[in-house]
Amino acid sequence: MIYLWSILVFAGLLALLSAALVVAQRYLVHYGTCRVDINAGQRTLDVDGGQTLLQALYGSRIFIPSACGGKGTCGFCKVQVTAGGGPVLPTETPYLTRREIRSGVRLACQVKVRADLAVRIPEEMLNVRLFAAEVQSARRLTHDTRELRLRLADPPEIAHRPGQYVQVQVPSPDGPVFRAYSLSSPPHEAGVVELVVRLVPGGIGSTYLHRLSPGDPAAFTGPYGEFRLDEDPATEVVCVAGGCGMAPVRSILLSLYHRWPERPAWLFFGCRTLRDVFYLDEFRALAAKHPAFHVVYALSDPLAPGETWDGERGFVHLAVDKHLAPGVKRQAFLCGPEPMIEAVTRVLLDKGLRPADVFYDKF
Ligand code: FES
């Protein structure tokens, strides 16, 4: 019995000590003002020590990507810390490759500013802005997906590339958090952004966006993302999407036909059932205007009694395999669930695409 009491007392003391350390760190330890050097003197920030690097950058209106609100669970907030970051934490290693660790890449939300730091941030990221907007319209696309159209107020226009995304500011009990959504509108409509939002049960971002109504304010940062269209109009563009992966490929296709009306392109969209189909009429209308554009929707589940369907049946990679001839110069954009991306990538490589010509974004 005496052993049990000793263990309990020891455990209690340890818990008290850890709590005291946390309180001391939060309220008693002052790191003073620390200097954050960005890109070898391009910018310097004087920030309060003790906060995370992510908080310090946001406080200075440098909006690097962050989809989990700084909890260390999305792996988006990577920056290269070249001095003063301390050792890599176990919370970071699942999101960093060995090569990234060797070159000093860190999760900004896990790095505490305790001394002067030097970081490298891509130029493009330094140009990311915070936008204030107003909901212009909210339209139901399917039983669980809606389209939101936001009119920009300040700044009034956004310069983005097709396929990029923004981070919508979402209110939460712990303060605002950011959630990533691809832009489905094309860059030439610079005064608005459109988003495709599927309601995820319990999802803080999608629940918030599904409750917004016309006239409501909204805020987001952006643009972010690496997609780049091949500028050669002879290169055929292949877009394959599933679910909300439709958003970036819609932006790509609308901008493609705004710029190159004759350019060959394919859209393959994989859905489970008829009730998951959206934007089909819009793309059929686009194909009617641009004969080099082909639209293929595929349903993977059996039809319900009484339903009719004139598109493809089965998984979308089978439709890609069926319709694309081998040996054509192409660039492909794949946006959807991981198994879809893997299956479609195998088909495209078999058709002769080089891995460097296949871009993907997992949804
Ligand atoms: S913000 Fe999500 S991991 Fe850092």
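Residues numbered from 1 in each chain as written. Predicted model: local features only at pLDDT ≥ 70, side-chain atom pairs only at ≥ 80, totals over all residues. Heavy atoms only, no water.

Through backbone hydrogen bonds, the strands of a sheet pair up, either in parallel or in antiparallel fashion. The six strands lie next to each other as 15-14-13-12-16-17, forming an open sheet whose pairing is parallel. Since the sheet does not close on itself, it has two edges, and those belong to strand 15 (312-313) and strand 17 (358-362), each with one partner. Two strands pair when backbone bridges link them, and strand 16 (residues 330-336) and strand 17 are joined in this way by five bridges, in the parallel orientation. When the sheet's bridge partners are listed, Leu 334 is paired in strand 17 with Tyr 360. Most of the contacts of helix 6 (residues 246-259) go to strand 12 (residues 236-242), to which it runs at about 155°, and overall it touches strand 12, strand 13 (265-271), strand 14 (293-299) and strand 16. The sheet contacts of helix 7 (residues 280-289) involve strand 13 and strand 14, and relative to strand 14 the element is tilted by about 155°. (Pairing = 2+ DSSP bridges. Helix = DSSP H or I, 4+ residues; strand = E, 2+ residues; numbered from the N terminus. Contact = heavy atoms within 4.5 Å. Axes fitted to C-alpha atoms, helices over the stretch in contact; angles between N-to-C directions.)

With that settled, the discussion passes to the packing of aromatic side chains. A complete count under the given rule lists 15 aromatic pairs for this structure. Each ring, one from Tyr 58 and one from Phe 63, has its centre 5.3 Å from the other, and the planes form 90°; the classification is edge-to-face. Residue classification places Tyr 58 among the buried residues on the basis of a relative accessible area of 16%. Accessibility expressed as a relative area gives 5% for Phe 63, which makes it buried. Between the aromatic rings of Phe 333 and Phe 359, the centroid separation amounts to 5.5 Å while the plane-to-plane angle is 20°, which identifies the pairing as stacked. With Phe 333 in strand 16 and Phe 359 in strand 17, this pair connects stretches of sequence that are 26 residues apart. With a relative accessible area of 25%, Phe 359 lands in the partly exposed category. (Phe/Tyr/Trp six-rings, centres within 6.5 Å; stacked < 30°, edge-to-face > 60°. Buried < 20%, exposed > 50% of the residue type's maximum accessible area, 1.4 Å probe, protein only.)

We now examine helix 9 (residues 338-350). With 13 residues, helix 9 should cover 18 Å at 1.5 Å per step; its first-to-last C-alpha distance of 19 Å lies within 8% of that length. Those residues of helix 9 that fall on the buried side of the exposure criterion are Met 340, Ile 341, Ala 343, Val 344, Val 347 and Leu 348. Packing partners of the buried residues in helix 9 comprise strand 12, helix 8 (316-323), strand 16 and strand 17. Just downstream of helix 9, Gly 352 is the residue with a positive phi angle, here 105°. (Expected span 1.5 Å × (residues − 1).)

The next subject is the environment of Ala 265. Note that Ala 265 resides in strand 13. A sequence separation of 27 residues divides Ala 265 from Ala 292, and the C-alpha atoms of the two residues are 6.4 Å apart.

Quick look at the pairing of strand 14 now. Counting buried positions along strand 14 yields five of seven residues, so the element is predominantly enclosed. Across seven bridges, the pairing between strand 13 and strand 14 is parallel. If you follow Cys 271 over to strand 14, its bridge partner there is Leu 299. Pairing of strand 14 with strand 15 involves two bridges; the strand directions are parallel. Along strand 15, the bridge assignment pairs Ala 298 with Glu 312.

All right, on to the side chain of Gln 331 then. Within the fold, Gln 331 resides in strand 16. Judged by its relative accessible area of 5%, Gln 331 is buried. Residue contacts for Gln 331: discarding those within four places in its chain leaves Arg 228, Leu 229, Asp 230, Thr 235, Glu 236, Val 237, Val 238, Asp 357 and Phe 359.

The strand order 2-1-5-3-4 describes an open sheet built from five strands, whose pairing is mixed. Two strands bound the open sheet, and with one partner strand each, they are strand 2 (43-48) and strand 4 (105-107). Here the average twist between neighbouring strands, direction ignored, is 40°. The pairing of strand 3 (residues 78-83) with strand 4 spans three bridges and is classified as antiparallel. Pairing of Lys 78 across the sheet is with Leu 107, part of strand 4.

Distances and angles like these do not, on their own, reveal function.
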